[in-house]
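Observations on the model geometry
The residues making up each chain are set out below.
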Amino acid sequence: MAEVQASSGPTVQRMLVGAQLRRLRTDKGLSREQAGEAIRASEWKIHRLENGQVGFKDRDIVDLLRFYGVDDPVEVVEFVILAREANAPGWWQQYGDLLPQWFRAYVDLEAAATLIRTYEGQFVPGLLQTEDYMRAVVGGGHLDDLPEEAEHRVQLRLGRQTLLERRDAPRLWAVVDEAALRRPVGGPKVMRAQLERLIEASELPNVILQVLPFAAGAHPAMVGAFSVLRFADQELPDVVYVEHLTSALYLSKQEDVDQYLHVMESICVRSAAPGRTVEIVGNVLNEA
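Just so you know, these numbers come straight off a predicted model, no measurement behind them. (Residues numbered from 1 in each chain as written. Predicted model: local features only at pLDDT ≥ 70, side-chain atom pairs only at ≥ 80, totals over all residues. Heavy atoms only, no water.)

**Comments concerning the overall build of the protein chain**
Selection rule: For the purposes of this entry, the term helix denotes a DSSP run of H or I that reaches at least four residues, the term strand denotes a run of E that reaches at least two, and both are numbered from the N terminus. Note on classification: 1.4 Å probe, protein chains only; a residue is buried when its accessible area is under 20% of the maximum for its type, exposed when over 50%, partly exposed between these limits. By the convention used here, residues are in contact when the closest approach between their heavy atoms is within 4.5 Å. The method behind every accessible area is Shrake-Rupley, applied with a 1.4 Å probe, and residues are considered shielded solely by the protein chains displayed.
When helices and strands are tallied, the protein chain shows twelve helices and six strands. Looking at the protein chain as a whole, 49% of its 288 residues are labelled buried. Long-range contacts, defined here as pairs at least 24 residues apart, represent 73% of the contacts in the protein chain between residues at least 6 apart. Just so you have it, the protein chain exposes about 14,800 Å², and 52% of that area is on carbon and sulfur atoms.

**Some remarks on unusual backbone geometry**
Working note: non-glycine residues mostly have negative phi, and peptide bonds are mostly trans. The phi dihedral of Arg40 falls on the positive side, at around 60°, and the residue is not glycine. When you line up the elements, Arg40 lands in the loop between α2 (32-38) and α3 (43-50).

**Digging into the sheet that holds strand β5 (residues 239-243)**
Definition in use: Strands are labelled as partners when DSSP assigns at least two bridges between them. For helices, the fitted line uses only the C-alpha atoms of the stretch in contact; every axis is such a line through C-alpha atoms, and the angle between N-to-C directions lies from 0 to 180 degrees.
Read across the open sheet, the six strands follow the order β3-β2-β1-β4-β5-β6; overall the sheet is mixed. The strands lining the two open edges of the sheet, one partner per strand, are β3 (207-212) and β6 (248-251). Here the strands of the sheet are splayed against their neighbours by 10° on average, with no regard to which way each runs. Across four bridges, β5 lies against β6 in antiparallel orientation. Pairing of Glu243 across the sheet is with Ala248, part of β6. Of the strands in this sheet, β1 (115-120), β2 (171-177), β3, β4 (226-230), β5 and β6 touch helix α11 (residues 254-270), which is tilted by about 65° from β1.

**What about the pattern of salt bridges?**
To keep it simple, the criterion reads: Basic side-chain nitrogens of Lys or Arg form a salt bridge, by our definition, when they fall within 4 Å of a carboxyl oxygen of Asp or Glu.
If you walk through the whole model with that rule in mind, you get 17 salt bridges. The closest approach of N and O atoms between Arg40 and Asp63, which form a salt bridge, is 2.9 Å. Residue Arg40 is found in the loop between α2 and α3, and its partner Asp63 is found in helix α4 (residues 58-67); the two are separated by 23 residues along the sequence. Here Arg84 ties to Asp58 by a salt bridge, and the two come within 2.5 Å at their closest N and O atoms.

**Quick notes on a negative patch on the surface**
Heads up, the rule is: Two distance rules govern patches: like charges are joined within 9 Å, and nonpolar side chains (Val, Leu, Ile, Met, Phe, Trp, Tyr) within 5 Å, applied only to residues with over 30% relative accessible area and no salt bridge. Residues counted as positive are Lys and Arg, residues counted as negative are Asp and Glu, and His and the chain ends are not counted. Just so you know, the charge point we use is NZ for Lys, CZ for Arg, CG for Asp and CD for Glu.
Among the surface-exposed residues, Asp71, Asp72, Glu75 and Glu78 lie close enough to one another that they form a single negatively charged patch. Inspection of the secondary structure assignment puts Asp72 in the loop between α4 and α5 (73-87).

**Here we look at the pairing of β2**
For β2, the buried fraction is high: five of the seven residues fall into the buried class. By the bridge criterion, six bridges tie β1 to β2 in an arrangement that is parallel. Residue pairing across strands places Arg117 opposite Trp173, the latter belonging to β2.

**Observations regarding the packing of aromatic side chains**
Threshold: Ring pairs are drawn from Phe, Tyr and Trp, using the six-membered ring of Trp, whenever the two centres fall within 6.5 Å, and their geometry is named by plane angle: stacked under 30 degrees, edge-to-face over 60, tilted for the rest. Ring-over charges, as used throughout, are those where CZ of Arg or NZ of Lys falls within 6 Å of the ring centre and within 35 degrees of the ring normal.
With the rule as written, the count across this model stands at five aromatic pairs. Ring geometry for Phe226 and Tyr260: centres 5.0 Å apart, planes at 65°, overall edge-to-face. Of this pair, Phe226 sits in strand β4 while Tyr260 sits in helix α11, and the two are 34 residues apart along the sequence. With respect to class, Phe226 is no different from Tyr260; both count as buried. Aromatic rings pair up to connect Tyr106, Tyr241 and Tyr250 into one cluster. It is Arg117 that lies over the ring of Trp173; its NZ or CZ is 4.1 Å from the centre.

**A few points about helix α8 (residues 147-161)**
Selection rule: Helix span is expected to be 1.5 Å times the residue number reduced by one.
Taking 1.5 Å of rise per residue, the 15 residues of α8 would be expected to cover 21 Å, and the 22 Å separating its terminal C-alpha atoms lies within 8% of that figure. Along α8, the positions that sit buried rather than exposed are Arg153, Val154, Leu156, Gly159, Arg160 and Gln161.

**Some details on the packing of helix α10 (residues 188-202) against helix α12 (residues 277-287)**
Applicable threshold: We call two directions roughly parallel when the angle between them is under 35 degrees, roughly antiparallel when it is over 145, roughly perpendicular when it lies between 65 and 115, and oblique otherwise.
Viewed as axis vectors pointing N to C, α10 and α12 meet at an angle of 170°, and their least axial separation amounts to 10 Å. One way to sum up the angle between α10 and α12 is to call them roughly antiparallel. Seen from α10, the contacting residues are Arg192, Leu195, Glu196, Leu198, Ile199 and Ser202; seen from α12, they are Thr277, Val278, Val281, Gly282, Val284 and Leu285.

**Considering the confidence of the model for the protein chain**
Here is the rule we go by: What pLDDT reports is the predictor's confidence in each residue, on a scale of 0 through 100.
When the pLDDT values of the protein chain are averaged, the result is 86; 89% of them are 70 or greater. The low-confidence segment residues 1-10, where pLDDT is below 50, has 30 contacts with residues more than four positions distant or belonging to other chains.

**Examining the environment of Ala248**
Looking at the secondary structure, you find Ala248 in strand β6. Take Ala248: its relative accessible area is 0%, and that puts it in the buried class. Between the alpha carbons of Ala248 and Ala105 there is a distance of 10.0 Å; along the sequence they are 143 residues apart.

**Considering the pairing of β1**
In terms of burial, β1 is largely enclosed, as six of its six residues are buried. Bridge count between β1 and β4: five bridges; the pairing is antiparallel. In the strand pairing of β4, Ile116 is matched with Leu229.

Here's what the structure looks like:
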């Protein structure tokens, strides 16, 4: 399993635009060399455009669309706007001084995903944390942070949570170990508010929340937390994200993804049904 470094740019959005350009070209039975000639460029440039490795120029987009037979003015304008948005810096760039290079790709992938499946054994998933819980987690995990740095980390996580409020919000399917619900992060008051937040989140139409109880015993996800992200474009493979203390793994080989999906399905079966989440979290809340 190879470890990869994140790019500083919005690579996922560029990949999505590039994948659409590649589909238009192949649907017409055209080669990269032919496409390159149409925009006075090389086959290599088409390769890089289609793989999201470079930014897009309006003229190249318009010329390629014309060459591929896309002549609807509205469709052309929409595509150009999409390409411009892909060129723009990610919203998280303002936190670049605190965001490790290896984590930037995840923020970008998370924003582009249509389905996020995640397992957490120690914490409440970041997308479902309250602000006070975040502060307690940041304070416990970043001992050397100055107060303003800690606050920036909290604001970054709050920014990530807004994706669940978008009109095209992804589906979040989270499995949380019972241990995370009972660990008093931030103290009783903070945990009560966090548990109440989980009850609210479990009732959202795009959120599935399951609790993996202590009674499940040993299970295949005990090695650590992970997430599996899926995208609307079928040409983009599922990506597994596994975070370490100072780095992360981004796995997209089918055999790796299949293994993690198998583990995810296994712990979903061992967890309480989603319909019992409110009851279980409510019981923990009453004991807090």
